[in-house]
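Survey of secondary and tertiary structure
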Amino acid sequence: MKILAQLTFGAAALVLSAGIASADKLEDITAAGKIVVGVKQDYRPWGYLDSDGNIVGLEIDLAKDVADKLGVAVELVPVVSSNRMEFLQQGRIDLIIATMGDNEKRRKVVGMIEPNYYAGGANVIAPKGSGLTAWADLDGKDVCAIQGAYYNKQVARDYSANIVAFAGVPEATAALANGSCVGFVYDNTWIESQLASDAQWAEYEMPFVTEQLQPWAIAVPLDELDMAYGDKMRDIVTDWHKSGFLIERNAANGIADNPFLQEQQDRLK
Amino acid sequence: MESFEAFFSWLYSDHGINLTIGYDSYDRGRFLDGVWTTIKLSVLSILFSLIIGAVGAWVQGSPLRILRVFIGFFIAFFRNTPPLVQLYFFYFAVGTVLRVTGENGLPQPLVSNFGWAVISLSLFAGALNVEIFRSGIEAVPKSTIEASEALGFNRLQTYAYIVLPLAVRVALPSLGTNLVNLVKTTTLAYAIAVPEILYASAQIWSDELNVREMMNVLLLSYIGLVAILVWVLHRWEKALRIPGYGV
């Protein structure tokens, strides 16, 4: 009985806190003088720790720009893929800018801001000097991959590559390292981050133009999506594309040109 | 062919049973390649495991102690470790050391993943076959061996012409069980990306999300494959039968 009472009380408190949170978030942020943004700190160069222990990277540049545009300070909270949406729902953070892919399932949980600010896709990591310059060079060659990745089929079909798919990234990279395949097809963003951060990949490169893009979105709490806060974020992302800010920051962080950014700029201009 | 594909399209549209291998020639190609790879893998592994078993059992009876100890170690190693671990060991540990320079100037593995799967599965099943053949050899009466010695056969001749033919007959039932198990163990090659049936099916269901349908196809395929092997073994057993001798 006591437990039941506690549960009821807990539920009531939850409803109450949700009620408070759904008051105009944009005003809350302005009043507090800071916006709390959830970012990655383990995904170089999108979000990582520099040698002084500060979180830096492309997405941190974006978070700072959001704060500047709102005229408030920024507070960065490191998140990982498995807790970022929960943090947002609990009100621990106000905004997610954390390499988050946009899909239907997640749209039921958090408010995905459109236009999408970024996109990841498929590319190949291959040893320098492998002679690969375009996707068509994969014709008839063994290419390592991860079982179940959405782009495997298209790479096999369009370029007649022989997909050698493993259960996990360590197996696939081990097979790549011992020369069982000419390259490893995987998320271009993962490849970028490995090339940028791990000395193991010093003799490797990402030779192709990224394909089969899947959009990423920044996210606000679901019930803020159609409120002033959501509108403001939409304006900011649109402006990032229009003004070329994203393209510029992308290059400034040492990331290879992303066809998605150019596409969006052309579309929104 | 068209009505065949139309049937499977209808099965999907009207009953929600999505057998892409029925109406999508690309998926069917992948699947049939998988079946063919499993057959090749099974046949080669069976062949080499039988050779390893026969040679191993002969060496086990050798007067040289060092050879007997070596075979003992070999059996212990392959019988006491899981075949999946052996496969990983060969492919990722040994394969990394055994490398040659390929045509593009970059190091390449000397043995392909298919090659390692054949080697690993043959050694695994071969180690068990040694024991199975030994049980057959021990069932050959001592007097028969003495008779062959009396006729002037040396040790190898006695083994090849007298002992092994009799031992195989005695060992055939348990040999059959081991070979059936070997065919089923070929699915482990999935772990090192050998495109056998399980691998092909997993590729198909992760693209088409028809896990339920492909699981059924997979089970039926193995029932079919093993049924063929059992039939062949049965025929072999019949052909080898000596009227009036033991089994």
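Keep in mind that this is a model prediction, so the values were computed, not measured.

**Regarding the overall build of chain B**
- When helices and strands are counted, chain B shows 10 helices and 2 strands.
- In sequence order, the secondary structure elements of chain B are arranged as α-α-α-α-α-β-β-α-α-α-α-α.
- For chain B, whose C-alpha radius of gyration is 23 Å, the value lies well above the compact-globule estimate of 18 Å for 247 residues.
- Across its three principal axes, chain B shows a C-alpha extent of roughly 75 × 55 × 30 Å.
- Of all 247 residues assigned to chain B, the portion counted as buried reaches 45%.
- Taking contacts inside chain B between residues at least 6 apart in sequence as the whole, the part at least 24 apart equals 71%.
- Total accessible area computed for chain B in this model is approximately 13100 Å², and 68% of it derives from carbon and sulfur atoms.
- Of the side chains in chain B, 16 bear a positive and 16 a negative charge, and the two mean positions are spaced by 16 Å.

**Quick notes on the domain arrangement of chain A**
Residues and elements named next belong to chain A.
- Domains assigned within chain A are domain 1 (24-117 + 217-268) and domain 2 (120-213).
- Contacts between domain 1 and domain 2 engage 10 residues on the former and 10 residues on the latter.
- For the pair domain 1 and domain 2, the two sides together bury roughly 770 Å², of which 65% comes from carbon and sulfur.
- In this assembly, domain 1 and domain 2 are joined by 0 salt bridges.

**Digging into the interface of chain A and chain B**
- The interface of chain A with chain B comprises 21 residues on the first partner and 25 residues on the second.
- In this assembly, chain A packs against chain B so that about 1700 Å² is buried in total across both faces, 50% of it on carbon and sulfur atoms.
- The largest share of the area that chain A buries against chain B comes from Gln147, Lys153 and Asn178 of chain A, three residues that together contribute 33% of it.
- Of the charged contacts in the structure, one is a salt bridge between Arg157 of chain A and Asp24 of chain B, with a shortest N-O distance of 3.8 Å.
- Inspection of the chain A/chain B interface yields 5 residue pairs in polar contact (both at pLDDT 80 or more).
- Those elements that provide at least two residues to the side of chain A that touches chain B are helix 6 (152-159), strand 10 (162-166) and helix 7 (169-177) of chain A.
- Its residues assigned to classes, the side of chain A that touches chain B comprises 10 nonpolar, 7 polar and 4 charged.

**A word on the nonpolar core**
- If you look at the biggest cluster of nonpolar residues, it comprises 119 residues, and the most contacted ones within it are Ile35, Leu95, Tyr117, Leu138, Val185 and Met233 of chain A.
- Ranked by residue count, the leading element in this core is helix 8 (residues 155-185) of chain B, at 13 residues.
- Both of domain 1 (24-117 + 217-268) and domain 2 (120-213) of chain A provide at least three residues apiece to this core.
- The residues touching Leu138 of chain A, leaving out its near neighbours within four places in the chain, are Val124, Leu132, Val143, Val155, Tyr159, Ser160, Ala161, Val182 and Phe208 of chain A.
- Judged by nonpolar contacts, the second largest core, of 16 residues, contains Leu19, Ala202, Trp205 and Met214 of chain B.

**Things to note about the pairing of strand 9 (residues 142-146) of chain A**
Residues and elements named next belong to chain A.
- Burial analysis of strand 9 places 4 of its 5 residues in the buried class, the great majority of the element.
- Two strands pair when backbone bridges link them, and strand 9 and strand 10 are joined in this way by 5 bridges, in the parallel orientation. The partner of Asp142 across the bridge, within strand 10, is Asn162.
- In the classification by handedness, the crossover that spans strand 9, the intervening helix 6 and the parallel strand 10 is right-handed.
- As paired strands, strand 9 and strand 11 (residues 183-187) are joined by 2 bridges and run parallel to one another. Following the sheet pairing, Val143 is matched in strand 11 by Gly183.

**Here's the deal with the pattern of salt bridges**
- Counted by the stated rule, this structure contains 17 salt bridges over all chains.
- Between Arg107 of chain A and Glu114 of chain A there is a salt bridge, and its shortest N-O distance comes to 3.5 Å.
- Between Arg134 of chain B and Glu131 of chain B there is a salt bridge; the shortest N-O distance is 3.2 Å. Of the two residues, Arg134 of chain B and Glu131 of chain B both sit in helix 6 (residues 113-138), 3 residues apart, roughly one turn of that helix.

**Here we look at the packing of helix 6 of chain B against helix 8 of chain B**
All names here are of chain B.
- Where helix 6 meets helix 8, the axes come as close as 8 Å, and the angle between the chain directions of the two elements is 140°. By the angle class used here, helix 6 and helix 8 are oblique. The way helix 6 lies across helix 8 gives a crossing that is right-handed.
- Across the contact of helix 6 with helix 8, the residue classes break down as 17 nonpolar, 5 polar and no charged.

**Side note on the state of the cysteines**
Residues and elements named next belong to chain A.
- Across all of its chains, the model carries 1 disulfide over all chains by this definition.
- The disulfide partner of Cys144 is Cys181, and the S-S distance across this bridge is 1.8 Å. Judged by the torsion about the S-S bond (-80°), the Cys144/Cys181 disulfide is left-handed. With Cys144 in strand 9 and Cys181 in the loop between helix 7 and strand 11, the pair connects residues that are 37 residues apart, well separated along the chain.

Cut-offs used in this document
- Residues numbered from 1 in each chain as written.
- Chains lettered and ligands numbered in written order.
- Predicted model: local features only at pLDDT ≥ 70, side-chain atom pairs only at ≥ 80, totals over all residues.
- Heavy atoms only, no water.
- Helix = DSSP H or I, 4+ residues; strand = E, 2+ residues; numbered from the N terminus.
- Rg over C-alpha atoms; globule rule 2.2 N^0.38 Å.
- Buried < 20%, exposed > 50% of the residue type's maximum accessible area, 1.4 Å probe, protein only.
- Contact = heavy atoms within 4.5 Å.
- Areas by Shrake-Rupley, 256 points an atom, 1.4 Å probe, with all protein chains shown as cover.
- Lys, Arg positive; Asp, Glu negative; His and termini not counted.
- Charge placed at Lys NZ, Arg CZ, Asp CG, Glu CD.
- Domains from an automatic or database assignment.
- Buried area = accessible area lost by both parts, 1.4 Å probe.
- Salt bridge = Lys/Arg side-chain N within 4 Å of Asp/Glu carboxyl O.
- Polar contact = N/O pair within 3.5 Å; in protein donor to acceptor, adjacent residues only side chain to side chain.
- Nonpolar A, V, L, I, M, F, W, Y, C, P; charged D, E, K, R; others polar.
- Core = buried A, V, L, I, M, F, W, Y, C linked by side-chain atoms within 4.5 Å.
- Pairing = 2+ DSSP bridges.
- Right-handed = clockwise from strand over helix to strand, strands pointing away.
- Axes fitted to C-alpha atoms, helices over the stretch in contact; angles between N-to-C directions.
- Parallel < 35°, antiparallel > 145°, perpendicular 65-115°, else oblique.
- Left-handed = near helix turned anticlockwise from the far one by under 90°.
- Disulfide = S-S within 2.5 Å.

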